[in-house]
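Breakdown of the fold
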Amino acid sequence: MPGFLVVFQLVWILYFVGVAVLPASSLYAATAVAIVIQLVFALIATIAALAVWIISDERSLAPGFRRTAGEHRSLLTATRLSLALSALGLLALLIDKIIVQGIDYSGGLAAARAQWSVLAAEREHVSSIWSALGYLLSSCFFITVTVLTCCRVESSKTEKAAAWTLCIAFALANSALTGGRSVLLLLAATLAVLLAVRIDLGQPLPKIGAPTQLAATAGIVATGAYTLYIFAERAELNGIDVHGYAAEMLEFLGAEPTPVFQRLSGDTWFGRLAALAALALAYLVHSFFTFAAIVEAPPQEVDLLFGYVTDLAAKVGLGARPDSEWLLTGRFPSLPGALFIKGGIGLVAFTAACLGAAMALSVRLSQRFPTSLAVIAVCWAVQTTAVLSPMLAATELLNFPFVFAEFFLVAAAVRLGQTFRHAASSCASNCRHC
């Protein structure tokens, strides 16, 4: 079985395991229907992906991994350029948040995000050109992560270690500036799918030495600590203890705390940590409860698939701002849930089949063009959409549309640089002949 499909199935299994071990039960009765429809979605996607994978013969598509020196330089340039653009984007975001909007971060990240949310709700357009530039560039480090993970760039160990360190730092900085966690969720999904695609491209898993293990452990610990810190800050911002905040948020997410939650959480440091951990798990799997609520609710006219993209277009003057208010505003529906509310079980089944086929074809395309950033972009978008499907539609994540655009932006910049170098080289050669 191909690696990308193993990861897809594993994520769905872990999702249901998370729902089962969460010390909370659904507030909605339609849980059985939610389970069946989501299992149908995962099963149809798996069957479609496996069928297309078998039909599309790898030998007729994959040319191997011979790479010219020019292709190697292009990939190396892409990683360096992506890091530079990320730094520029973060600087632009910093200018927009602090200087233009006047957001005060001294009160904590949760308070800063609350200020930012209020200001965003009051305006119809982007706050400044710095904001547009910041969001467009700040997550370019995803290109570096992608190339380093599955394109076998031949750079020194020191440069690779520095690049990985910068990527983790940029991800945390991006999250801190926006006071959210979606970029970390997208990064985790990206790493999972890229390791699977790397295997499907015929490459061995990277050797993990002691320095890399230490850096990876530090990154995981920092990510986990940051996530729990944000929850704790929001509890403090609301003026309630962590236990009370976690219980209230569980109910908001559609779950009723069980006696197990009451026994585990409390005023001790362990109790507070347990409450935050339960809330973090609920954040990842609460789409299950949202789906059950969708099944019970009366039909609604709302687009949960491309609402964020439409809103972004409206902010730059391309169309009207969509009505994002619905019965469960503020909660994630899974991708099957968003499809179900839009077109019922028929749309769920049809999209699952299309997604499965796209998963297989995108990896086959990557086998055929393993150094093309445009092809890698398509593969990344399809695979992350599939892996995140239990939790939400990936298009609704803050950074997803920008990362997809950044792949093509960096690819165009690298190609333009190659053209200029080639023209300069030709001009110099002609001058010598003259």
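What comes next concerns the included structure. (Residues numbered from 1 in each chain as written. Predicted model: local features only at pLDDT ≥ 70, side-chain atom pairs only at ≥ 80, totals over all residues. Heavy atoms only, no water.)

**Concerning the overall build of the protein chain**
On a plain count of helices and strands, the protein chain comes out with 18 helices and two strands. Counting all 434 residues of the protein chain, 48% fall into the buried class. For the protein chain, the proportion of contacts with a sequence separation of at least 24, taken over those separated by at least 6, is 81%. With the model as given, the accessible surface of the protein chain reaches about 20,400 Å², and the carbon-plus-sulfur share is 69%. (Helix = DSSP H or I, 4+ residues; strand = E, 2+ residues; numbered from the N terminus. Buried < 20%, exposed > 50% of the residue type's maximum accessible area, 1.4 Å probe, protein only. Contact = heavy atoms within 4.5 Å. Areas by Shrake-Rupley, 256 points an atom, 1.4 Å probe, with all protein chains shown as cover.)

**Looking at the packing of helix α7 (residues 141–150) against helix α8 (residues 157–178)**
Their axes nearest at 10 Å, the elements α7 and α8 cross at an angle of 140°. With respect to α8, the axis of α7 lies oblique. Between α7 and α8 lies a crossing of left-handed hand. For the pair α7 and α8, contact is made by F141, T144, V145, L148 and T149 and by K160, A163, W164, C167, F170 and A171, respectively. Here the contact of α7 with α8 is composed, by residue class, of eight nonpolar, two polar and one charged. (Axes fitted to C-alpha atoms, helices over the stretch in contact; angles between N-to-C directions. Parallel < 35°, antiparallel > 145°, perpendicular 65-115°, else oblique. Left-handed = near helix turned anticlockwise from the far one by under 90°. Nonpolar A, V, L, I, M, F, W, Y, C, P; charged D, E, K, R; others polar.)

**Considerations on a nonpolar patch on the surface**
A contiguous nonpolar surface patch, about 820 Å² in accessible area, is contributed by L88, L91, L94, I98, I99, V100, I129, W130 and L133. Secondary-structure elements contributing two or more residues to the nonpolar patch are α4 (69–100) and α6 (129–137). In terms of residue count, α4 provides more of the nonpolar patch than any other element does, six residues in total. Along the chain, the position of I99 falls in helix α4. A relative accessible area of 65% means that I99 is categorised as exposed. (Patch = residues over 30% accessible without salt bridge, like charges linked within 9 Å, V, L, I, M, F, W, Y side chains within 5 Å. Salt bridge = Lys/Arg side-chain N within 4 Å of Asp/Glu carboxyl O.)

**Quick look at the side chain of N174**
With respect to the helices, strands and loops of the structure, N174 is situated in helix α8. Dropping the residues within four chain positions of it, N174 is found in contact with L90, S138, S139, V183 and N399.

**A short note on the side chain of E406**
Looking at the secondary structure, you find E406 in helix α18 (residues 400–433). Nearest to the buried, unbridged E406 among oppositely charged side chains is K97, at 14 Å. (Lys, Arg positive; Asp, Glu negative; His and termini not counted.)

**Some remarks on the nonpolar core**
Among the nonpolar cores identified, the biggest contains 61 residues, and F4, F41 and M359 are the most heavily contacted of them. Broken down by secondary-structure element, the contributors of at least two residues to this core are α1 (3–21), α2 (31–55), α10 (210–237), α11 (242–252), α13 (269–285), α14 (287–296), α16 (335–368) and α17 (373–388). At eleven residues, α16 tops the list of elements feeding residues into this core. Those residues in contact with F4 that lie beyond four places of it in its chain are A49, W53, A196, D200, M359, A360, V363 and Q383. Core analysis: the next-biggest nonpolar cluster, separate from the first, contains 60 residues, L109, L184, I376 and A381 among them. (Core = buried A, V, L, I, M, F, W, Y, C linked by side-chain atoms within 4.5 Å.)

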